[in-house]
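Observations on the three-dimensional arrangement
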Amino acid sequence: MTELLRDYMDEKKEWFESKIPKLFQNAPVTPKLEQAMLYSLEAGGKRIRPILLFATLQAFDQKEEIGLTTALGLEMIHTYSLIHDDLPAMDDDDLRRGKPTNHCVFGEGTAILAGDGLLTAAFQIIADDQALDTDTRIRLISLLARAAGPEGMVGGQQDDLEAEAKRLDLEDLISIHKRKTGELIRFPIEAAALIAKATESETEALVHYSEHIGLAFQIGDDILDISGDEKALGKPIGSDLANHKNTYVSLLGLTDAREKLAQEVEKSLHSLKKLGFENKRLGDIARYLLNRTY
Ligand SMILES: CC(C)=CCC/C(C)=C/COP(=O)(O)OP(=O)(O)O
Ligand SMILES: C=C(C)CCOP(=O)(O)OP(=O)(O)O
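Residues numbered from 1 in each chain as written. Chains lettered and ligands numbered in written order. Predicted model: local features only at pLDDT ≥ 70, side-chain atom pairs only at ≥ 80, totals over all residues. Heavy atoms only, no water.

Turning our eyes to something else, we now look at the site of ligand 1. Around ligand 1, 13 residues are found, and the nearest of them are Asp85, Asp91, Arg96, Lys180 and Lys235. At a separation of 2.8 Å, an oxygen atom of ligand 1 approaches a polar side-chain atom of arginine 96. Notes on ligand 1: free accessible area 510 Å², of which the protein chains cover 91%. When contributions to the shell around ligand 1 are tallied by element, the ones reaching two or more residues are α4 (68–85) and α8 (153–163). Broken down by element, the residue count for the shell around ligand 1 peaks at four residues, all from α4. (Near = heavy atom within 4 Å. Polar contact = N/O pair within 3.5 Å; in protein donor to acceptor, adjacent residues only side chain to side chain. Areas by Shrake-Rupley, 256 points an atom, 1.4 Å probe, with all protein chains shown as cover. Helix = DSSP H or I, 4+ residues; strand = E, 2+ residues; numbered from the N terminus.)

Here the focus is the site of ligand 2. Close contacts around ligand 2 come from Gly45, Lys46, Ile48, Arg49, His78, Leu82, Arg97, Thr181, Phe217, Gln218 and Asp221, and that covers them all. Residue lysine 46 places a side-chain N or O atom 2.6 Å away from an oxygen atom belonging to ligand 2. In this structure, an oxygen atom belonging to ligand 2 sits 2.8 Å away from a side-chain N or O atom of histidine 78. The protein chains hide 88% of the 390 Å² of surface that ligand 2 would expose on its own. At the level of elements, α3 (48–59), α4 and α10 (200–227) are the ones that each hand at least two residues to the shell around ligand 2. The leading source of residues in the shell around ligand 2 is α10, at three residues. Classifying every residue of the shell around ligand 2 gives three nonpolar, four polar and four charged. (Nonpolar A, V, L, I, M, F, W, Y, C, P; charged D, E, K, R; others polar.)

What follows concerns the nonpolar core. Nonpolar side chains in soluble globular proteins generally cluster together in the buried interior. One finds Leu52, Met76, Leu206, Tyr209, Leu282 and Ile285 to be the most contacted residues of the largest nonpolar core, which totals 85 residues. With twelve residues, the single largest contributor to this core is helix α9 (residues 170–195). Here tyrosine 209 is in contact with Leu52, Ile189, Ser268, Ser271, Leu272, Leu282, Ile285 and Ala286, once residues within four sequence places are set aside. (Core = buried A, V, L, I, M, F, W, Y, C linked by side-chain atoms within 4.5 Å. Buried < 20%, exposed > 50% of the residue type's maximum accessible area, 1.4 Å probe, protein only. Contact = heavy atoms within 4.5 Å.)

What the rule picks out here adds up to 22 salt bridges. Among the ionic pairs, aspartate 221 bridges to lysine 235, the shortest N-O distance being 2.8 Å. Placement of the pair is aspartate 221 in helix α10 and lysine 235 in the loop between α11 (230–233) and α12 (239–242), with a sequence separation of 14 residues. In the salt-bridge network here, residues are joined through shared partners; they are Lys13, Glu17, Arg47, Glu75 and Arg97. (Salt bridge = Lys/Arg side-chain N within 4 Å of Asp/Glu carboxyl O.)

Take the confidence of the model for the chain next. Mean pLDDT over the chain works out to 94, with 100% of the residues at or above the 70 mark. The ipTM for the predicted assembly is 0.97, set against a pTM of 0.96. (pLDDT = per-residue confidence, 0-100.)

Running from N to C, α4 and α8 point in directions that differ by 20°, and their axes come no closer than 12 Å. Classified by the angle between their axes, α4 and α8 sit roughly parallel to one another. In this structure, α4 meets α8 at a crossing whose hand is right-handed. Between α4, through Ile77, Tyr80, Ser81 and Asp85, and α8, the contact on the second element is made entirely by Met153, Val154 and Gln157. (Axes fitted to C-alpha atoms, helices over the stretch in contact; angles between N-to-C directions. Parallel < 35°, antiparallel > 145°, perpendicular 65-115°, else oblique. Left-handed = near helix turned anticlockwise from the far one by under 90°.)

Given below as structure tokens:
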């Protein structure tokens with residue numbers, strides 16, 4: 001990662017995270033539930049989805065502040081998905097973002113409710129966002145519901161669960177990941193294009209970019225699951241193997257998985273070129289995915 005991108009990501013992450021403690025300040029949320037929601041939300045992570053939203057707004061010379069609430073809602077949904085993904089009924093993981101998983105600290109019942117709370121509160125804060133006009137808010141809520149729901153992430157997760165006992169081909173694996181991971185990578189980019197009032201053809205090129213980096217991101221996650229550093233990642237490695245998951249590495253082998261990742265990054269840069277955005281932050285983010293270590 002270039003020093004410039006590192007600085008940008010650190011700065012945006014810090015700014016974004018400074019807003020999290022205030023999220024439920026004026027809401028009468030049951031204390032243990034609030035504590036459980038904030039525990040996972042504040043645990044860190046790369047904040048790559050909010051950063052993609054800010055970087056897309058920046059590419060259109062828009063202030064990042066205008067996308068802040070949408071980015072918070074998105075990260076709340078991403079965090080809920082990780083809490084539920086770690087549950088004994090799913091991946092049964094003990095470590096996430098460098099800390100014991102939500103159910104290990106608060107118990108399974110509260111972890112399920114913390115996830116439910118984050119999911120629903122996300123839509124509430126976007127609906128109430130005074131920085132955006134009503135039409136934009138409704139369109140964002142619709143996009144986000146589609147991306148996170150049964151057509152998107154939840155559907156992808158269901159297919160992923162069912163696939164554990166089977167051997168998939170590459171096409172099936174891509175179809176699962178497009179929904180399970182890809183939709184929440186696509187959303188911040190499409191949302192920022194909507195907020196910035198991008199044209200149809202600009203949005204189309206950005207959606208293509210997002211689809212390619214979404215796949216590159218997931219391939220990178222699969223590679224890191226076998227060759228990454230547990231401390232840097234903040235989650236256990238070897239979990240895919242233990243759970244008999246179909247991954248790009250199990251299907252293609254490490255070398256070809258790396259090659260496929262490089263191809264997806266190349267295609268994402270090609271989509272950016274159409275917009276003259278390849279040298280903007282979005283291009284740097286795509287190039288960072290090539291060799292990410294966490
Ligand atoms: C509705 C739900 C629960 C969705 C979960 C979506 C998701 C992307 C989980 C993490 O995937 P992973 O298991 O491949 O990643 P990790 O290695 O981080 O656990
Ligand atoms: C989609 C996948 C692979 C789950 C983890 O997502 P991230 O790798 O973005 O996790 P955090 O940085 O937010 O913890």
